[in-house]
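Reading the structure
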Amino acid sequence: MSRNTSIGELAALGALQFGDGYRTKRSEHGQPGYRIIRVADVMDDAVSFEGPDFVSADYVRAIGTKLGHPGDILLTTKGTVGRVAVLPETGEQVVYSPQLCYFRVLDSDVITPRFLRYWFSSQEFWLQAADRMNNTDMAAYINLADIRSLKMTLPSIHNQQAIAEVLGALDDKIAANTKLVQTSAALTQAMFSSAVATSSEESVLSEITELLSRGITPKYSDDNDATVILNQKCVRGQRVDLDPARRTLSVKVREDKLLKLDDVLVNSTGQGTLGRVARWTHHENVTVDSHITIVRFDRNKVDPVCAGVGLLGLQQTIIEMGEGSTGQTELSRVELGKLRIRLPDFETQRALGRRFASMANMERINFEENRRLAATRDALLPQLMSGKLRVREGETLVAAAV
């Protein structure tokens, strides 16, 4: 039996705690401390731990409940409203920024945490959110009063758990694939570091590349035949995500600005995005906009796969190379070219490169499977949450997908 309630009523019952993040002063930043999780760090069903800012541990009392707990459900509430993720178990403590809202289930006999996470992706949530978030002339925003007023159709705890288990089976498989990919990436870096430790030479980046150049200024087009163009949102977690990409008129794209297999992409503007690095492991005709620098290694001088892995390992150094004031930081092509990179001897590079390429291919296959699983979940979610699809029917569909 379902019942009607609201986020505010669940909080009043003591079943749920929610709030926005901690508004920090610049003077409170410092380490050791707690990494700040911002809106840009919260993707759908994933949280990035690459942000450069920390709040000093001296302010733990002031931070209070806004200190992250594994299992917290995070909702972006300003600018890009509605991205939702669950804070995973992590080896470091974090604090939320003010543009995030966290939800912490205190009584799972009343509401199942995972059901709540899926409810934030349901039509019932989105219809109410759309009504509330555009009530000002400023960026889209849902405040705490808005959130408190959100109405919810809450099924019995049994049905909540059943729905969460069906959808959760897909997310568990996605998480397992992601963990496998992360382990592979960590092993790749460990193998590279071991090889460099025993045999290495230091090179200046500009001397081992055939192209070190920003991308193009796009002329956007909705034509499906236009060239896909990546922006800085596409480079995250040392991967390239094509979902935020757009298209640009192909006639504007110079041949050398079309990406080649094993190019490395470096985000080159903006605090929080500058310095993110990813390898391009696809074959499609794709280019990048002027906020991204293309690093194309000279295959006659280095193995591009091995050198690309080496550049991924220098991401933090690259981030620190940014210059300029807050919000206007830039990484110049010239400065990036001065970066010094240690590489094994050429024969070792080629052996490692072949192995790294094989591992990267496995990672790509797992990511593609994750995209299919996520599409299945997103198709089932509204059907299950609305009761149009029975849980047993959903279980059958999920069993076929995983």
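Residues numbered from 1 in each chain as written. Predicted model: local features only at pLDDT ≥ 70, side-chain atom pairs only at ≥ 80, totals over all residues. Heavy atoms only, no water.

Overview of the environment of Pro-155
To keep things clear, this is the line we draw: Put simply, DSSP marks the helices as runs of H or I at least four residues long and the strands as runs of E at least two long, and each gets a number from the N terminus on. For the exposure calls, accessible area comes from a 1.4 Å probe over protein chains only, and a residue counts as buried if that area is under 20% of its type's maximum, exposed if over 50%, partly exposed in between.
Secondary-structure assignment places Pro-155 in the loop between β11 (151-154) and α6 (157-198). Overall, the relative accessible area of 14% leaves Pro-155 in the buried class. Taking the C-alpha atoms as reference, Pro-155 lies 37 Å from Leu-242; in sequence the two are 87 residues apart.

Points about helix α10 (residues 346-386)
Condition: Expected span of a helix, by definition, is 1.5 Å for each gap between consecutive residues, and there is one gap fewer than residues. To get the bend at a residue, fit one axis to the 7 residues ending there and another to the 7 starting there, then take the angle between the axes. Under the rule applied, a polar contact is a pair of N or O atoms within 3.5 Å (in protein, one hydrogen donor and one hydrogen acceptor; residues adjacent in sequence only if both atoms are side-chain atoms).
Across its 41 residues, α10 extends 59 Å between first and last C-alpha, which sits within 8% of the 60 Å expected from 1.5 Å per residue. Of all the bends in α10, the largest measures some 30° and sits at Leu-380, one to four residues before the proline Pro-382. For α10, the side-chain oxygen to backbone nitrogen distance between the N-cap and Glu-347 is 3.2 Å, and the N-cap itself is Asp-345. Gly-387 occupies a position one or two residues after α10 and carries a positive phi of about 85°.

Observations regarding the sheet that holds strand β2 (residues 16-20)
This is how it is decided: Paired strands, in this sense, are two strands between which DSSP finds at least two bridges. Interaxial angles span 0 to 180 degrees and are taken between N-to-C directions of axes, which are lines fitted to C-alpha atoms, for helices over the stretch in contact.
Pairing in this open sheet of four strands is antiparallel, and the strands run β2-β10-β7-β8 from one edge to the other. What marks the edges here is a single partner per strand, and that holds for β2 and β8 (84-86). Direction aside, the axes of adjacent strands within the sheet are offset by 20° on average. Summarising the sheet, β2 and strand β10 (residues 100-105) pair through five bridges and their orientation is antiparallel. When the bridges of β10 are listed, Gln-17 appears paired with Arg-104.

So, the side chain of Gln-315
To keep things clear, this is the line we draw: Note on definitions: a residue-residue contact is assigned when non-hydrogen atoms from the two residues lie within 4.5 Å.
Counting through the fold element by element, Gln-315 comes out in helix α8 (residues 315-319). Looking at Gln-315, its side chain comes within polar contact range of the side chain of Gln-238, at 3.4 Å. Apart from residues no more than four positions distant in its own chain, Gln-315 is found in contact with Glu-50, Gln-238, Gly-275, Arg-276 and Val-277.

Observations concerning the sheet that holds strand β3 (residues 33-37)
Taken in spatial order, the three strands make up an open sheet running β6-β3-β9, and their pairing is mixed. The sheet is open, and its two edges are formed by β6 (54-56) and β9 (94-96), each paired on a single side. Put simply, the sheet's adjacent strands are angled 40° from each other on average, direction ignored. Pairing of β3 with β9, which is carried by three bridges, proceeds in the parallel orientation.

Digging into the layout of surface pockets
If a probe the size of a water molecule is rolled over the atoms, the empty space left behind becomes visible. Put simply, the test is: Cavity: a set of points on a 1 Å grid over the protein atoms alone where a 1.4 Å probe fits but cannot get out. Pocket: an open set with protein on both sides within 12 Å along at least five of seven lines, its lining residues, like those of a cavity, having an atom within 4 Å of a point. Grid points are joined across faces, edges and corners, and a volume is the space filled by probe spheres set on the points. Note that Gly is not counted as nonpolar here; it falls among the polar residues with everything else outside the nonpolar set of Ala, Val, Leu, Ile, Met, Phe, Trp, Tyr, Cys and Pro and the charged set of Asp, Glu, Lys and Arg.
Considering only enclosed or pocket space, the second largest pocket measures out at about 420 Å³ in volume. Taken together, 19 residues make up the lining of the second largest pocket; nearest its centre are Ile-163, Leu-384, Met-385, Ser-386 and Gly-387. Counting only elements with at least two residues in the lining of the second largest pocket, the list comes to α3 (113-119), α4 (123-132), α6 and α10. It is α10 that contributes the most residues to the lining of the second largest pocket, four residues altogether. Class assignment of the residues belonging to the lining of the second largest pocket gives a composition of 10 nonpolar, seven polar and two charged.

Some points on the nonpolar core
To be explicit about the condition: We call a set of buried residues a nonpolar core when its members are Ala, Val, Leu, Ile, Met, Phe, Trp, Tyr or Cys and they connect through side-chain atoms within 4.5 Å of each other.
The biggest cluster of nonpolar side chains holds 37 residues, and the ones touching the most others in it are Ile-7, Phe-103, Leu-116, Trp-119, Phe-120, Ile-147 and Met-152. The next biggest cluster of nonpolar side chains, apart from the first, holds 31 residues, and it includes Leu-205, Leu-312, Leu-352 and Phe-356.

Some details on the pattern of salt bridges
Going by this rule: Salt-bridge detection follows one rule: a side-chain nitrogen of Lys or Arg within 4 Å of a carboxyl oxygen of Asp or Glu.
Within this structure, the stated rule accounts for 19 salt bridges. Arg-364 is paired through a salt bridge with Glu-368; the nearest N and O atoms lie 2.8 Å apart. Here Glu-368 and Arg-364 lie together in helix α10, a separation of four residues that amounts to about one turn. Looking at Arg-364, the relative accessible area reads 26%, which means it is partly exposed. Judged by relative accessible area, Glu-368 falls into the partly exposed class, the value being 33%. Asp-378 is paired through a salt bridge with Arg-377; the nearest N and O atoms lie 3.0 Å apart. Residues participating in the shared-partner salt-bridge network are Asp-45, Arg-117, Asp-171, Arg-377 and Asp-378.

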